[in-house]
Every structure is written in C-alpha cells, then in structure tokens.
Amino acid sequence: MLTTERRGGVSFMLGLLLFIGVAGRLDARLPWNKP
Amino acid sequence: VEQAVIAGHFGFAAGVKARERAVPLWALMLACQWLDVVFVPLLLLGVERLEPLDGGGYGKVIIHADWTHSLLGALLLSALLGAFWRGRARLVIEAVSFSHWVLDLIVHRADMPLLPANAGGFPRLGFGLWRWPAATALIELALVAFGSALYWRAALGSGARRQANLAGAVVLASGLVTLALNLAGF
C-alpha cells in the first residue's frame, strides 16, 4: 500500500517545486507584480 | 496523489495569472493544489486513503478524500487559504483553490462527498472522466498548453521581454514535465 500511495508523489512534489519555487521566483521579477 | 490530476491544475492557475496580474504566481500555484497539499499529510496519517483499481495507474483510483475533497471541506479550505490575502486577491485565491474541486469533479469516479466525512450519507459526486484516461490526459495537456500560452503572452505584455520569455518557457516546461512524469507513473 505504501508503494501505491507514493505513486504520483514525485510529479506532485516536483510540480510544486517548479511552479512555486522556480516559476514563482521568475514571475516575481516581472514588472506586473509591482504595486 | 496517486497519479491524480496535477498538471491540469497548474495550467489553469497559469491562465488565471494572465488576467489577475496583481496576484503572485506562487500564490496561485499553491492555491490550485491547496486541497491536495492538505490531503498529503492526511493520507500519511491514514485519515484519507487511496484505493487503486486494476493495479493502479493514471486515473485508476478511487480517492477517499472525504474531508479535503468534500464540497463543504473544499469551500472551507479555500476560505482558510484566502484569509491570508485581502481584497480582490483574496477572492481570486479562494476561487482558484476551489477550482481544484471543480476540475476533480469532472474526472473523479463518484467518490467526492458533499459534506466532510460524508456526513448524512448523500450520494458521492464525480463524472468519472478517468474511465477514459487518454481523453483526460489530452484535456490536461490542453490546460497546460492553453494556460501557459495565456501566461506567456500576458507576461510579454508586461514589457520585460527577456524575463517574460524565461518565465513563460519555465511555466510551459514545468507543466509538460509534471504531466509526463504523472503519466509515466512517478
């Protein structure tokens, strides 16, 4: 069961890392985020 | 998580950023996965669980997420996350968080209750698009492609061409990598 539960975990965690950590930081540099 | 819809939610959030430019991208990305972010510790604690079908695989699962993916639970969790923002950003974060439930409703196999812990025993919801995994994967791909395209185009309109191209390419690539890994069973 544990193996089954871990399925999909890599894509989920990597997705969060890429979109929040990497893309989020790059986006924050764009001028549209300035108040 | 179990090879659920992952990339599609990110793609949707990228598209939202194109219209709601005052809301940080990271916040939209967190919001679109917020229900699953809360689901993971509950899964590890055994409060919520997964029931693989036919040995598992993309979409081959009944998800017993009776707290985080109940209609009322999703509304409450969305309101909780939204409480960290003010004004329009709060509404946008709440809506994007709740969009997770709506997108899941399309694909889940009638396993989403109305009330937390399926109180009252009402019929569970889910249109079951996962019975056709190829169609679901194509829709996820379309969400990633369309959402990334909207984001990229809007980012270019912000005036910083090089930074916009980098951010747009990373959003698109992240979506494609996430979807490919998910379909491959990782």
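Rules of the game
- Residues numbered from 1 in each chain as written.
- Chains lettered and ligands numbered in written order.
- Predicted model: local features only at pLDDT ≥ 70, side-chain atom pairs only at ≥ 80, totals over all residues.
- Heavy atoms only, no water.
- pLDDT = per-residue confidence, 0-100.
- Contact = heavy atoms within 4.5 Å.
- Buried area = accessible area lost by both parts, 1.4 Å probe.
- Salt bridge = Lys/Arg side-chain N within 4 Å of Asp/Glu carboxyl O.
- Polar contact = N/O pair within 3.5 Å; in protein donor to acceptor, adjacent residues only side chain to side chain.
- Helix = DSSP H or I, 4+ residues; strand = E, 2+ residues; numbered from the N terminus.
- Nonpolar A, V, L, I, M, F, W, Y, C, P; charged D, E, K, R; others polar.
- Core = buried A, V, L, I, M, F, W, Y, C linked by side-chain atoms within 4.5 Å.
- Buried < 20%, exposed > 50% of the residue type's maximum accessible area, 1.4 Å probe, protein only.
- Phe/Tyr/Trp six-rings, centres within 6.5 Å; stacked < 30°, edge-to-face > 60°.
- Axes fitted to C-alpha atoms, helices over the stretch in contact; angles between N-to-C directions.
- Left-handed = near helix turned anticlockwise from the far one by under 90°.

Chemist: Tell me about the confidence of the model for chain B, and please be specific about residues and values.
Modeler: Confidence along chain B averages 95 in pLDDT terms, with 98% of residues attaining 70 or more. We note a pTM of 0.94 for the whole complex and an ipTM of 0.93 for its interfaces.

Chemist: Quick one: what's the story with the interface of chain A and chain B, residue by residue and with numbers?
Modeler: At the junction of the two partners, chain A supplies 25 residues and chain B supplies 42 residues. Interface area, chain A with chain B, both sides summed: about 2,800 Å², of which 74% is carbon and sulfur. Residue A:Asp27 is joined to B:Lys17 by a salt bridge in which the shortest nitrogen-to-oxygen separation is 3.5 Å. Between the two partners, chain A and chain B, sit 2 residue pairs in polar contact (both at pLDDT 80 or more). Mapped by element, the contributors of at least two residues to the side of chain A that touches chain B are helix 1 (2-6) and helix 2 (9-28) of chain A. At 15 residues, helix 2 of chain A tops the list of elements feeding residues into the side of chain A that touches chain B. Each residue belonging to the side of chain A that touches chain B can be placed in one class, and the counts come to 14 nonpolar, 7 polar and 4 charged.

Chemist: Give a description of the nonpolar core that names residues and reports values.
Modeler: Among the nonpolar cores identified, the biggest contains 43 residues, and A:Leu30, B:Leu28, B:Ile93, B:Val96 and B:Tyr151 are the most heavily contacted of them. A total of 7 residues in this core trace back to one element, the largest contributor, which is helix 2 (residues 25-32) of chain B. Beyond its immediate sequence surroundings of up to four residues, B:Leu28 is in contact with B:Ala13, B:Val16, B:Lys17, B:Val23, B:Val92, B:Ile93 and B:Val96. One finds B:Ala4, B:Phe39, B:Tyr58 and B:Ala137 within the second-largest nonpolar core, a separate group that totals 13 residues.

Chemist: Lay out the packing of aromatic side chains with the relevant residues and their values.
Modeler: Aromatic ring pairs are described here by two measures, namely the spacing of the ring centres and the angle between the planes. The tally for this structure, following the rule as stated, stands at 4 aromatic pairs over all chains. Consider the rings of A:Phe19 and B:Phe10, whose centres lie 4.2 Å apart with planes at 20°: the pair is stacked. Of the two residues, A:Phe19 is situated in helix 2 and B:Phe10 in helix 1 (residues 7-19); the pairing between them involves two chains. B:Phe10 matches A:Phe19 in its accessibility class, with the two residues each being buried. Relative to B:Trp101, the ring of B:Phe98 lies with its centre 5.6 Å away and its plane at 15°, an arrangement referred to as stacked.

Chemist: How would you summarise the packing of helix 1 of chain B against helix 2 of chain B if you had to cite specific residues and measurements?
Modeler: Residue and element names in this part refer to chain B. For the pair helix 1 and helix 2, interaxial distance at closest approach is 9 Å and the crossing angle is 145°. The two elements helix 1 and helix 2 cross, and the hand of that crossing is right-handed. Counted together, His9, Phe10, Ala13, Ala14, Val16 and Lys17 of helix 1 and Leu25, Leu28, Met29 and Cys32 of helix 2 form the full contact between these two elements. Of the residues assigned to the contact of helix 1 with helix 2, the class counts are 8 nonpolar, 1 polar and 1 charged.

Chemist: Give me the pattern of salt bridges: which residues, what numbers.
Modeler: A side chain of one charge can pair with a side chain of the opposite charge if their charged atoms are brought near each other. All names here are of chain B. This structure, assessed with the given rule, holds 4 salt bridges over all chains. Residue Arg90 is joined to Glu94 by a salt bridge in which the shortest nitrogen-to-oxygen separation is 3.5 Å. Residue Arg90 and its partner Glu94 are both found in helix 5 (residues 87-107); the two are separated by 4 residues, about one turn of the helix. Owing to a relative accessible area of 31%, Arg90 belongs among the partly exposed residues under this scheme.

Chemist: Give me the lowdown on the side chain of B:Ser158, citing residues and values where you can.
Modeler: Here B:Ser158 shows up in the loop between helix 6 (133-156) and helix 7 (161-183). Overall, the relative accessible area of 19% leaves B:Ser158 in the buried class. A distance of 2.6 Å separates the side chain of B:Ser158 from the backbone oxygen of B:Ala155, its partner in a polar contact. If we skip the residues at most four places from it in the chain, B:Ser158 touches A:Leu30, A:Pro31 and A:Trp32.

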